[in-house]
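Residue strings, one per chain:
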Amino acid sequence: MKFAIIITLCLYLLINSAIIREPSIQYYSFKTQKHITHLSMYKERHSYIITNSTPKNSIAEVTYINDIETFGWGKLNVHTYNKSDEYTQSYCAGYLEGIVTYQEISNFYYNLYNNYHKESKLIDKIIAFLELVSKELLSKLSQITKDTSFYEYQLYLSFQQLVGLYHGYNSMSKDNKLSIGKLLLIQSDSEIPELLNYFKYHKKELIQLGDKNYFKRAFGLKSNNPNKAWIKLISHSRCSAFIKLVTDNQNRVTDLLSGHTTWSSYSELIRIYKHYSFNNNTTSLIFSSYPGVLTSTDDFIISKNKLVIMETTIEVIDINLYKQMKLEYKNYVPNFMRVLLASKNAKNNKEWITLFRKNMSGTYSSQWMILDYKIFNKIKGKTLNKVKQYKNLFQLTEEIPNKIISHDISNVLYNKKYFGSYNRAFLNSSKKTLNQQLIEHLYGNKFSYNDGNRALIFKHFNRKIRTLKQMNDLLRYNGYKGNNDWKEDPSKKSPSKGISARFDLEKGYLYELSGGVDTKVTNSSLVNQMGSVVVLGPTQGNINQLKAFTWRKNKDKVYHKGVPKKLSFPHLMMSPDTINGKSQKYVFK
């Protein structure tokens, strides 16, 4: 498609009584293609011009390859150049991304909003709150100057990029305009379940843990059976992650494997893998993502500084904790801004935590794993008894309502050689705040970090994990209908209990069109290239014993506009070098 638009010079657009400063765009002409689009944005006198070529004075350029139907992923490459200040770069980057992915953004928002139809009043309440947040952020954005502190300056760069996305998207979309508040809802996708809990419970009367109808009253579940309640609750939680320190038969460190499997609704499988390179590659990130989302939200991120950043949500069982919180739109900082700030600027995992922990929202209870592969490169080849002096290989941060806790837990890797993450708090201070001991006493050890279903699976297979393929197989693991002779396998008779769950294969109360939807794995060699091996779609088991998921016409009552019909795709290599090129199936060695 070809577009030509004339906009008056020095345009100021009024939104929600705040001024969004939009660069003067006098004329631009370009073509977007169905499969691949390349655009650049540059300044000529007092106007900004968008073109399919790449002039020498480009401020930003994007390449978007839409391989969603054939390989499961779109691929987006964004570069900005220091031909202008960082705020102009961020705006142009967002603007171009909004243009090339506008259809995917429209579909993703349509599915996201409509699939919460049972909670529509609460979702509208969240959007209204986010509209107030956006007004406040726009006001603060207009006050940014060269004298602003480094932290504030970098924080609002992320919001400036969203403003650009807002303008770019709406310049293309005729019938489905989105406000900045609605785009903030997309940024908050994985946070929505906890925002819903906050708006439900923060003003309600206490519901005591141990109440015989606790799960019904607190979460609206049909069953008060703790084990069934737990499985139902984690169907809305996000993700499994695993870290493995590999040693040889002489106990010398040889590799560090890390990987992540996202859990979500199948309706969200309009996926885009993104590479952001800002300010002449001063900062560079690559991450699994979604249309219109400026960070990962899975989360799985690799930075230029050899940091691997992963996250899984923490399930909050004691809903009374939300009564201790009060969200204020004037002070609320969306999580994507904190994540993007920390991931772009941190040189090591301690810096990442220092930057991230400021302005916590309290409504994204999550466990963040930050691995510094620069430290790994120092210990590679050494025996384990000589590496324990090396700190900060592995920093863990847990954010829960009203608290954020961080610790260097490198010794956990040195001693156990692995770490698993699966929606339970690990740090003792987090457990205490979450009333974890009482919860386990009342409802059983399946609610614990050490004895949950995925904890048992990770512990059982840990010693067998030495290669990238084995790591991938573990994170895709589901023993349902398999030939595994491990009798205690929690997923053997229940597909919802695998590392990569399949709730769509459950029956009755536990049935949902959700579960593990992707896997990303990397190792020390790939991190040096900012690379990972990725695959999209619900697991089919390690021996392909589970059928691929296919949408059924008129039977699956879930909005899934723009999602491929059959969710079965090959593995791909994703790195800054491959994301611009033709997608090719990756075969493990």
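Whatever comes next refers back to the structure up there.
Student: Kindly report on helix 7 (residues 192-201), identifying the contributing residues and their values.
Tutor: Of all the 10 residues making up helix 7, 8 are buried; the element is thus mostly covered by neighbouring parts of the structure. Here helix 7 has its buried residues at Ile-192, Glu-194, Leu-195, Leu-196, Asn-197, Tyr-198, Phe-199 and Tyr-201. Looking at the packing, one finds that the buried side of helix 7 touches helix 3 (102-114), helix 4 (120-141), helix 6 (180-187) and helix 8 (214-219).

Student: Which residues make up the packing of aromatic side chains, and what are the values?
Tutor: Scanning the entire structure with this criterion turns up 38 aromatic pairs. Between Phe-242 and Phe-458, the ring centres sit 4.6 Å apart and the planes meet at 25°, which makes this aromatic pair stacked. A residue pair is termed long-range when its members are at least 10 positions apart, and Phe-242 in strand 9 (residues 240-247) and Phe-458 in helix 16 (residues 453-461) qualify at 216 residues. In this structure Phe-242 comes out as buried when scored by relative accessible area, which is 0%. With 4.7 Å between their ring centres and 20° between their planes, Trp-352 and Phe-356 make a pair best called stacked.

Student: Lay out the side chain of Gln-154 in plain terms, naming residues and giving numbers.
Tutor: Tracing the chain through its elements places Gln-154 in helix 5 (residues 150-172). Using a relative accessible area of 6% as the deciding quantity, one classes Gln-154 as buried. Gln-154 has contacts with Glu-86, Leu-341, Lys-344 and Asn-345, leaving out every residue within four places of it along the chain.

Student: Tell me about the environment of His-260, and name the residues and values.
Tutor: Topologically, His-260 is positioned in strand 10 (residues 253-261). Residue class for His-260 comes out buried when judged on its relative accessible area of 0%. C-alpha of His-260 to C-alpha of Thr-312: the two residues are 52 residues apart in sequence and 8.7 Å apart in space. Reaching out from His-260, the side chain makes a polar contact with the backbone oxygen of Asp-298 at a distance of 3.3 Å. Side-chain polar atoms of His-260 contact the backbone oxygen of Glu-311, separated by 2.9 Å.

Student: Account for the environment of Glu-311, naming residues and giving values.
Tutor: Within the element layout of this structure, Glu-311 appears in strand 15 (residues 307-313). For Glu-311, a relative accessible area of 0% corresponds to the buried category. Put simply, Glu-311 and Asn-114 are 197 residues apart on the chain and 26 Å apart in space, counted from C-alpha to C-alpha. Each residue touching Glu-311, except ones within four places of it in the same chain, is listed here: Cys-239, His-260, Thr-297, Asp-298, Asp-299, Tyr-364, Ser-366, Gln-367, Trp-368 and Met-369.

Student: Go over the layout of surface pockets, please, and point to the residues and values.
Tutor: A volume near 1,600 Å³ is recorded for the largest pocket. As for the largest pocket, its lining consists of 48 residues, and the residues nearest its centre are Asn-115, Tyr-116, Ser-235, His-236 and Glu-512. The set of elements that each furnish at least two residues to the lining of the largest pocket consists of helix 3, helix 7, helix 9 (226-234) and strand 11 (263-265). In terms of residue count, helix 7 provides more of the lining of the largest pocket than any other element does, 6 residues in total. Residue composition of the lining of the largest pocket, grouped by class: 17 nonpolar, 16 polar and 15 charged.

Student: Kindly report on helix 3, identifying the contributing residues and their values.
Tutor: Residue pairs spaced three or four apart in an α-helix point in one direction, given the helix's 3.6 residues per turn. Over its 13 residues, helix 3 runs 18 Å from end to end, which matches the ideal 18 Å to within 8%, given 1.5 Å per residue. Of all the positions in helix 3, only Tyr-102, Glu-104, Ile-105, Ser-106, Asn-107, Phe-108, Tyr-109, Asn-111 and Leu-112 are classed as buried.

Student: Pulling in residues and values, what's your account of the sheet that holds strand 8 (residues 73-80)?
Tutor: Strand pairing in a sheet takes place through backbone hydrogen bonds and is either antiparallel or parallel in direction. Taken in spatial order, the 11 strands make up an open sheet running 6-5-7-8-12-13-14-15-16-17-18, and their pairing is mixed. Looking at strand neighbours, the two that pair on one side only are strand 6 (47-51) and strand 18 (403-408), the edges of this open sheet. If you compare each strand with its neighbour and ignore which way they point, the axes differ by 15° on average. Sheet analysis places strand 14 (residues 300-303) next to strand 15, joined by 3 bridges and oriented antiparallel. Note on strand 15: the bridge partner recorded for Ile-301 is Ile-309. This element, helix 2 (residues 86-100), spans strand 5 (36-44), strand 6, strand 7 (58-67), strand 8 and strand 12 (271-278) of the sheet and lies at about 25° to strand 7. Across the sheet, helix 10 (residues 335-345) lies against strand 12, strand 13 (283-289), strand 14, strand 15, strand 16 (366-372), strand 17 (394-400) and strand 18, angled at about 135° from strand 13, the strand it touches most.

Student: Just give me the short version of the packing of helix 4 against helix 6, but keep the residues and values in it.
Tutor: The geometry of helix 4 relative to helix 6 is characterised by a closest axis approach of 8 Å and an angle of 110° between their N-to-C directions. Between helix 4 and helix 6, the interaxial angle falls into the category roughly perpendicular. Contacts from Ile-126, Ile-127, Leu-130, Glu-131, Val-133, Ser-134 and Leu-138 in helix 4 reach Ile-180, Gly-181, Lys-182, Leu-184 and Leu-185 in helix 6. Of the residues contributing to the contact of helix 4 with helix 6, the split by class is 8 nonpolar, 2 polar and 2 charged.

Student: Tell me about the pattern of salt bridges, and please be specific about residues and values.
Tutor: Tallied over the full model, the rule gives 17 salt bridges. The residue Glu-119 makes a salt bridge to Lys-200 at a minimum N-O spacing of 3.2 Å. Pair noted here: Glu-119 is in the loop between helix 3 and helix 4 and Lys-200 is in helix 7, with a separation of 81 residues, a long-range link. On the accessibility criterion, Glu-119 (24% relative accessible area) is partly exposed. Members of the salt-bridge network, linked through shared partners, are Arg-271, Asp-298, Asp-518 and Lys-520.

What counts, and where the lines are drawn
- Residues numbered from 1 in each chain as written.
- Predicted model: local features only at pLDDT ≥ 70, side-chain atom pairs only at ≥ 80, totals over all residues.
- Heavy atoms only, no water.
- Buried < 20%, exposed > 50% of the residue type's maximum accessible area, 1.4 Å probe, protein only.
- Helix = DSSP H or I, 4+ residues; strand = E, 2+ residues; numbered from the N terminus.
- Contact = heavy atoms within 4.5 Å.
- Phe/Tyr/Trp six-rings, centres within 6.5 Å; stacked < 30°, edge-to-face > 60°.
- Polar contact = N/O pair within 3.5 Å; in protein donor to acceptor, adjacent residues only side chain to side chain.
- 1 Å grid on protein atoms, 1.4 Å probe; cavity = no way out; pocket = protein on both sides within 12 Å on 5 of 7 lines; lining within 4 Å.
- Points joined across faces, edges and corners; volume = space filled by probe spheres on them.
- Nonpolar A, V, L, I, M, F, W, Y, C, P; charged D, E, K, R; others polar.
- Expected span 1.5 Å × (residues − 1).
- Pairing = 2+ DSSP bridges.
- Axes fitted to C-alpha atoms, helices over the stretch in contact; angles between N-to-C directions.
- Parallel < 35°, antiparallel > 145°, perpendicular 65-115°, else oblique.
- Salt bridge = Lys/Arg side-chain N within 4 Å of Asp/Glu carboxyl O.

By themselves these figures say nothing about function.
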